[in-house]
Amino acid sequence: MHHWTKGDWLLMFHYNLFTGVNRQGGPRGVTKFESTSWFMPVAYHKLGKGTLQLRGMFSAEPFTVPPGGSPLLFQTGETYKGQPLIDRQHPHDLFMELSAQYTLPLGEHGTWFTYFGYPGEPALGPVTVLHRLSASENPSATLAHHLQDSTHISFGVLTTGFTYRWFKLEGSIFNGREPDENRT
C-alpha cells in the first residue's frame, strides 16, 4: 500500500499478489498452480465544496487462474461454458471496478454522495470479500462469496445516499447479471 500527495490530489495504490499451489484434497479435489491478485488505484481531489473520488480495481486472474476457475471445494456460483461452477471459484475480471464518487458535506456531521461504476459495486450486502480485512492474508474467496457478494461486479451501477455521523442510507440502480466468461 502506497499513499502520496501530488498537488491537490491524494493518491493511493493498494495491491496484493499471491502465487502458489492450490491443493484441494478428497475425491472431488484437484491440485492446480495459480496466482490471485488485485491492484486498486484511488485518487481524491477537492471539487467545489465536495470531494471527487476516482477508483479502479484490476486483477490479472484472467491470465493466472486456470480456465473454469480455481479449485475450491463446496464453492458454487456463476457458470463456465453453460455449466454451473461447482467446487471452483471463478477468476475475477481484468476490470473489476472503474468508478467515480462525489461527496458533498451537509452541515457539520452529514454528507450526500453519488457513485457511478462501470463496473462497480452496488449498495447491496456486505463489502466484497477482497475489501475485507480477512482477505489481506487469505487469497481464497469465502464459501459464502456468491451468496453475500453476488453483485460485487455489476456493469452499470448508480448509487446515491446520505450519511449522518455513524448512520448511512443509500440505494442503487444496477445491472444484476453475472459477468460473462470473457474476463478481459
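Refer to the structure presented above.
A brief structural summary. If you're wondering where the values come from, they're calculated on a predicted model, not measured in any experiment.

Moving on, we get to the overall build of the protein chain. Along the protein chain, the regular secondary structure elements total 2 helices and 10 strands. Reading the secondary structure of the protein chain in the N-to-C direction produces β-β-β-β-α-β-β-β-β-α-β-β. Along the three orthogonal principal directions, the C-alpha set of the protein chain runs to about 60 × 30 × 30 Å. Intrachain contacts of the protein chain at a sequence separation of at least 6 include 56% that bridge at least 24 residues. Looking at the protein chain as shown, the accessible area adds up to about 10,900 Å², and 63% of this sits on carbon and sulfur atoms. Here the protein chain contributes 14 positively and 15 negatively charged side chains, and the mean placements of these two sets differ by 1 Å.

Each regular strand carries side chains that alternate between the two faces of the sheet. Taken together, the 15 bridges between strand β2 (residues 9-23) and strand β3 (residues 31-47) define a ladder with antiparallel strand orientation. When the sheet's bridge partners are listed, Tyr15 is paired in β3 with Phe39. Taken together, the 7 bridges between β3 and strand β4 (residues 50-58) define a ladder with antiparallel strand orientation. In the strand pairing of β4, Tyr44 is matched with Gln53. From the end of β3 to the start of β4, which pair antiparallel, there are 2 residues, and Gly48 there has a positive phi angle of about 60°.

The next point concerns the pairing of strand β5 (residues 70-80). For β5 and strand β6 (residues 83-89), the ladder comprises 5 bridges, and the chain directions are antiparallel. Across the sheet, residue Thr76 finds its bridge partner in β6, namely Ile86.

With that settled, consider the pattern of salt bridges. Oppositely charged side chains can form a pair if their charged atoms are brought close together. In this structure the tally under the stated criterion is 5 salt bridges. In this structure, Lys168 and Glu170 form a salt bridge, with 3.8 Å as the shortest nitrogen-oxygen distance. Connected through shared salt-bridge partners, Glu78, Asp93 and Arg183 make up one network.

Take the nonpolar core next. Of all hydrophobic cores here, the largest spans 7 residues; its members are Met12, Trp38, Met40, Val42, Met57, Met96 and Ile153. A per-element tally of this core places β3 first, with 3 residues. Ignoring anything within four residues of it in the chain, the contact list for Ile153 reads His92, Asp93, Met96, Pro119, Gly120 and Pro179.

This brings us to the sheet that holds β4. In any sheet, the strands associate via hydrogen bonds between backbone groups, in a parallel or an antiparallel arrangement. Strand order in this open sheet of 8 strands is β1-β2-β3-β4-β7-β8-β9-β10, and the pairing throughout is antiparallel. Strand pairing shows two members of the sheet lacking a second neighbour, β1 (2-6) and β10 (167-174), which therefore form its edges. Looking at each pair of strands side by side, their axes are set apart by 15° on average, direction ignored. Here 8 bridges tie strand β8 (residues 110-117) to strand β9 (residues 157-164), and the two strands are oriented antiparallel to one another. Looking at the pairing, Phe113 lines up with Gly161 of β9.

Within the secondary structure, Lys46 sits in strand β3. Expressed as a C-alpha distance, the spacing of Lys46 and Ala141, which sit 95 residues apart in the sequence, is 35 Å. Ignoring sequence-local partners within four residues, the contact set of Lys46 consists of Asp8 and Thr51.

Each value, and the rule that gives it
- Residues numbered from 1 in each chain as written.
- Predicted model: local features only at pLDDT ≥ 70, side-chain atom pairs only at ≥ 80, totals over all residues.
- Heavy atoms only, no water.
- Helix = DSSP H or I, 4+ residues; strand = E, 2+ residues; numbered from the N terminus.
- Contact = heavy atoms within 4.5 Å.
- Areas by Shrake-Rupley, 256 points an atom, 1.4 Å probe, with all protein chains shown as cover.
- Lys, Arg positive; Asp, Glu negative; His and termini not counted.
- Charge placed at Lys NZ, Arg CZ, Asp CG, Glu CD.
- Pairing = 2+ DSSP bridges.
- Salt bridge = Lys/Arg side-chain N within 4 Å of Asp/Glu carboxyl O.
- Core = buried A, V, L, I, M, F, W, Y, C linked by side-chain atoms within 4.5 Å.
- Buried < 20%, exposed > 50% of the residue type's maximum accessible area, 1.4 Å probe, protein only.
- Axes fitted to C-alpha atoms, helices over the stretch in contact; angles between N-to-C directions.

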